Amino acid sequence: MKLTLAVAFKIVIKFAPLLLAALSTPALAQTTLAPLPTIPEFPFYPPNQPVISRDINPLHPFSVVGPRGTILGSQDGSYEAWIFPWKILTNMRISAEMKDYPVPIDVNLQAAAIDVRPGSTTITFSHANFTVREIITAPRNVPDGAGALVFYQIEAVRPMTLTFSFTPVMVRMWPAPSAGPPSSEWVKTGSGSGFYILHLNFPDHAAAIAMPTAEPGIMQPYQELARVYPLQFVLHFDPARDAHTLFPMLLTKGNTIATASRDGLYKQLSTLDNSARSIYEDQQKYENDFLSTNLTIDTPDQRLNDAFKWSEVSIDQLRVQTVPSHDEEALTAGFVGSGDSARPGFGWFFGRDALWTLYAVNSYGDYNVTRREIEFLIKRQRDDGKIMHEWSQTAGLVDWKSLPYEYAAADATLLFTMALNDYLSISGDQAFINTHWPSIARAWNFVTTHDSDGDGIYDNSQGTGWVESWIPSMPHQEIYMAVLDEQASLAFANLARATGHADLATATESRAAHIRAQIEKEYFHSDFYSFSWNPNNTTDDTATIFPSVAWWDGSYTLDHPQHMFNRWASSEFSTDWGTRIVSDRTSFYDPISYHQGTVWPLYTGWVALAEYRAGRSLSAYAHLRQNADLVWSQDLGNATELLSGQFFQPLGRSTAHQLWSAAMIISPILRGLFGLQWNAASNELTVTPSLPADWDHATLSNIPIGQQRVGVEIKRDNGMLVIRSSGPASSQIHLKSRAPGAKLSNGVLQIPLPVVEVGVTQDLPEPGSPTQQMKILDQQSTSNSLTLRLSAPAGSTQTLWLRVNRPQPQLRATGITISDAKTSLQKLQLDFPAGTGYIEKEISFNW
């Protein structure tokens, strides 16, 4: 129902008799409610589950997100709580008063440690008299009306009173209108304890909040001058009585007259309270099953292994159910605390964000997520075939189509085709493609019939491509759109051929060839590809990272990339924490501008994968590690949305738990570093690794291919890279590699290694640091040489790894000194000359 003034009036008329009946009901007619019980302590932390433990940074955010709700807060333990699509409360804080200790304690100032696990986040408040643990979860399976749950575990030397203060808000996620601040009612359950009901203007929406055994705090009488006070739970804790007891913060919401009533809300609170332990334990089991079922990596770089796991969990947590029916589930773009607004970061469903992310989801094997996401998008596909861009969690409550968001961008329709082809390549799910062929064909018809200038390339006339603002003006056709169109054409050709439309597939392949030629004609100038092209044959030659998208699918490369890759790898584009959207030499470069200078992990992932596919593994690994290390830099376990282009610091409004940032850790690892490519129809798995020089092995477990899972073991052995498949399905899988000289014998791949390899060490800098690490601008190999062009601050000393795979008596180095040509793995020091800024230096190894 769309909430307009006329509709609101009708609702008032409809509910008036019910309101009058409720108001005329004598209070004594209501049944007495039993107190909600506390919960006996139980084990919270399952063994062998990954955990990130840190001293708290009170300015850093945390997020615990589930399908029906979220808790978003700061590491000092303050938070806001959502039961989608409602923000129920905000600014939850705790204070303490101890017996015979006449000083009030701000408990949030005592926040000492944070422990993040896949199924929960724990913040520990530590004081000389007490320890309080705030254990937060947003389970997948919760009773009706619930979305998230907080447990408080308390230990103390002497009795104390804890006061939990919060601001009730009851606002819907933007853009749906809300009725204003709720009115609060305390409902007693026994002597002293009870729960709050947050009432709105209509009887079919209310929320309830309870903490077993707690009493109400400030309850302003009507006679007092109107002021805004927080709601409070006052908990009297006696260690002799309450040790080994858990005090849950219970939140529920009613959205019918029955469930929003006193008895209806109490019933939901009681159900939540009584099932809290089993809900929590079910969530832990879910997380363990998720991690044991999906793809994992085991390399000598434990931090990379962990970042990969956390990125899978980060994506999985952003699956949110539609309201009110909960019958659909799709990926949201990300979350961060909303402050005084009604939007918790990018808490909506985004088409392109999800479609970029499905490449990661497909590759770690969660096919069900992909199918549900595709069907969510198809349900909202426009009649002419266009795929949606944005869908608010409250879109069904407003006239969404009259707002400018749903189809604002044009790229999701291209990505829709590409992601489906990727899904088919990995899953082999021909039936799913056949079922949805009409929607696929309709989307493709939209692409091919919306070329406003006649050059054969889908352009920006049907919505923005990438940028939503640009200097001096918005582009007509971005290279981002053009290179996606080429890859989408080949993807659609594969889908058409798989569904028996051979003529259509051939025609679409011809279209891809035409687009490729047009891109070279329209966009390439001198040594770089332009940002955009206009029908009058003028171009915007701003140097950007967008041409890197050409390498995404592995089916396409631009013809003249050399100088462009060199510049992307340099400090002109590459900071020590990722890749800027534009060159820092651009006239309008602004390091804190959303589209004109910031660093996005998304861009860093695009460039890293392009570099791997172009044979520039050293710069690729540096970029990959920058993304991976973001997992520990802000919202622990998640990668942030965007950072300053000048200093290592996320922007204040950056969505700290961002969907595609996590995806851009997984995809470059699997498709770049390990070079995985799938052909489920032929049971073929292509593995073309670019192992760092200091790695001697790597293992991938649970690689999906079709309906099977297979392991891959990679090991250096006597100058060869030896690759074996493992697991019950290994005998059915055919291993392949794109590496030069690769040979398959008895099911074992052998790839000759070069005589020498060089490696780099990459770690994120200290917060606030400018860019000052070495950059690998170019990497060229022949059968008897390796040449590197490097750049580093003048006067600095840098470290490289050198691996000698096959000792050569004639091994020579130029520009750097080798201590021992026979040592298989050694560190080398490289001095850069004095000067100003970044200085270039070339080194080479010959044999």
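Residues numbered from 1 in each chain as written. Predicted model: local features only at pLDDT ≥ 70, side-chain atom pairs only at ≥ 80, totals over all residues. Heavy atoms only, no water.

Draft legend 1. Region of the structure containing the overall build of the protein chain. Per the secondary structure count, the protein chain includes 15 helices and 45 strands. The C-alpha atoms of the protein chain give a radius of gyration of 29 Å, which matches the 29 Å a tight globule of 847 residues would have. In terms of its C-alpha atoms, the protein chain occupies a principal-axis envelope of roughly 95 × 60 × 55 Å. The 847 residues of the protein chain split such that 61% are buried. (Helix = DSSP H or I, 4+ residues; strand = E, 2+ residues; numbered from the N terminus. Rg over C-alpha atoms; globule rule 2.2 N^0.38 Å. Buried < 20%, exposed > 50% of the residue type's maximum accessible area, 1.4 Å probe, protein only.)

Draft legend 2. Spatial organisation of the packing of helix α13 (residues 601-613) against helix α15 (residues 659-673). The contact between α13 and α15 brings their axes to 8 Å, and the two run at 5 degrees. Classified by the angle their axes make, α13 and α15 are roughly parallel. Contacts between α13 and α15 pair Pro601, Leu602, Gly605, Trp606, Ala608, Leu609, Tyr612 and Arg613 from the former with Trp660, Ser661, Met664, Pro668, Arg671, Gly672 and Leu673 from the latter. Grouping the constituent residues of the contact of α13 with α15 by class yields 10 nonpolar, 3 polar and 2 charged. (Axes fitted to C-alpha atoms, helices over the stretch in contact; angles between N-to-C directions. Parallel < 35°, antiparallel > 145°, perpendicular 65-115°, else oblique. Contact = heavy atoms within 4.5 Å. Nonpolar A, V, L, I, M, F, W, Y, C, P; charged D, E, K, R; others polar.)

Draft legend 3. Just the side chain of Asn362, in detail. For Asn362, the position within the fold is in helix α5 (residues 351-364). Beyond its immediate chain neighbours, meaning those up to four positions away, Asn362 contacts Tyr367, Thr370, Ala419, Asp422, Tyr423, Ile426, Arg671 and Pro704.

Draft legend 4. Here's a closer look at the pairing of strand β41 (residues 785-793). The buried fraction of β41 is high, at 7 of 9 residues. Across 7 bridges, the pairing between strand β40 (residues 775-782) and β41 is antiparallel. Looking at β41, one finds that Gln779 is bridged to Leu788. Connecting β40 to the antiparallel partner β41 that follows it, the hairpin turn spans 2 residues. Alignment of β41 against strand β45 (residues 838-846), held across 9 bridges, turns out to be antiparallel. Residue pairing for β45: Arg789 is matched across the bridge by Glu842. (Pairing = 2+ DSSP bridges.)

Draft legend 5. Up close: the nonpolar core. Counting 240 residues, the largest nonpolar core has Trp606 and Phe845 as the members making the most contacts within it. It is helix α10 (residues 479-498) that provides the largest number of residues to this core, a total of 12 residues. Beyond its immediate chain neighbours, meaning those up to four positions away, Trp606 contacts Trp356, Trp466, Tyr480, Ile545, Phe546, Ser548, Val549, Trp552 and Met664. One finds Leu33, Phe44, Phe195 and Ile279 within the second-largest nonpolar core, a separate group that totals 26 residues. (Core = buried A, V, L, I, M, F, W, Y, C linked by side-chain atoms within 4.5 Å.)

Draft legend 6. Layout of empty space enclosed by the protein. Throughout the structure, instances matching the rule amount to 4 cavities of 30 Å³ or more. The computed volume of the largest cavity comes to approximately 170 Å³. In this structure, the largest cavity is lined by 25 residues; those nearest its centre are Val65, Pro118, Glu287, Val313 and Gln317. Sorting the residues of the lining of the largest cavity by element identifies β3 (61-65), β8 (111-117), β9 (120-126), α3 (262-293) and α4 (302-317) as the ones contributing at least two each. The element best represented in the lining of the largest cavity is α4, accounting for 5 residues. Residues belonging to the lining of the largest cavity are distributed by class as follows: 10 nonpolar, 11 polar and 4 charged. Forming the walls of the second largest cavity are Arg319, Glu329, Ala330, Leu331, Asn368, Val369, Arg372 and Glu373. Contributing elements (two or more residues each) for the lining of the second largest cavity: β21 (329-331) and α6 (367-379). Broken down by element, the residue count for the lining of the second largest cavity peaks at 4 residues, all from α6. Along the lines of polarity and charge, the residues of the lining of the second largest cavity split into 3 nonpolar, 1 polar and 4 charged. (1 Å grid on protein atoms, 1.4 Å probe; cavity = no way out; pocket = protein on both sides within 12 Å on 5 of 7 lines; lining within 4 Å. Points joined across faces, edges and corners; volume = space filled by probe spheres on them.)

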